[in-house]
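Report on the structure
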Amino acid sequence: MAQPLPRSLLLLSGATVETLGTKELHVTVVYLIIEVIAALALILLVLLHSGKGGGLSDMFGGSVGAAAQGSTVVEKNLDRITIVIALIFFFTTLTLDLRLQ
């Protein structure tokens, strides 16, 4: 027999067994967990980006020389990962909105 979902997750999602079936409720909670993980990852990735000076590129030894050449490979990959996580966050937000209406 399946374990009941924790009450805290049910309260966060705003869904109840009365509004959704049990299977649909499980899917909604999975979307909620993915969204929370994506939100935390997005915060971390945005903080890793370099500002006016240094940042992640300085941490890996690309000080003034790398700044004169433009973005390093690490920063380009960081940009790509940030975009992918932002898209995941965007689509899970839309999906949760449509599921909970």
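First, a word on what this report is: a plain description of the structure on this page. (Residues numbered from 1 in each chain as written. Predicted model: local features only at pLDDT ≥ 70, side-chain atom pairs only at ≥ 80, totals over all residues. Heavy atoms only, no water.)

**A look at the environment of A86**
Worth spelling out the cut-off: For the purposes of this entry, the term helix denotes a DSSP run of H or I that reaches at least four residues, the term strand denotes a run of E that reaches at least two, and both are numbered from the N terminus.
Here A86 shows up in helix α5 (residues 73–99). Expressed as a C-alpha distance, the spacing of A86 and I43, which sit 43 residues apart in the sequence, is 9.9 Å.

**Observations concerning the nonpolar core**
Condition: Here, nonpolar core refers to any group of buried Ala, Val, Leu, Ile, Met, Phe, Trp, Tyr and Cys residues whose side-chain atoms link them within 4.5 Å. Partly exposed describes any residue whose relative accessible area lies between the buried limit of under 20% and the exposed limit of over 50%, with all areas from a 1.4 Å probe on protein chains only and scaled to the type maximum. Contacts are assigned to residue pairs with any non-hydrogen atoms lying within 4.5 Å of each other.
Listed in full, the five residues of the largest apolar core are A38, L42, L45, L78 and I85. Every element with two or more residues in this core is listed here: α2 (22–48) and α5. Of the residues forming this core, the biggest block, three residues, is contributed by α2. Apart from residues no more than four positions distant in its own chain, I85 is found in contact with A38, A41, L42 and L45.

**Things to note about α2**
Given 3.6 residues per turn, any residue in an α-helix points the same way as the ones three and four places further on. Here is the rule we go by: Expected helix span is computed as 1.5 Å times (number of residues minus one).
Between its terminal C-alpha atoms α2 stretches 39 Å, which fits the 39 Å expected from 27 residues at 1.5 Å a residue. All buried positions along α2 are accounted for by L25, T28, V29, L32, E35, A38, L42 and L45.

**Here's the deal with the side chain of E35**
Note the following rule: Working convention for charge: Lys and Arg count positive, Asp and Glu count negative, and His plus the chain ends are omitted. By convention in these notes, a salt bridge is any Lys or Arg side-chain nitrogen within 4 Å of a carboxyl oxygen on Asp or Glu. For this analysis, a polar contact is any N or O atom pair within 3.5 Å, provided that within protein one partner can donate a hydrogen and the other can accept it, and provided that sequence-adjacent residues contribute only side-chain to side-chain pairs.
Note on placement: E35 falls in helix α2. Despite its burial, E35 pairs with no opposite charge, the nearest such side chain being R99 at 11 Å. Reaching out from E35, the side chain makes a polar contact with the side chain of T93 at a distance of 2.5 Å. Not counting chain neighbours up to four residues away, the residues in contact with E35 comprise F89, T92, T93 and L96.

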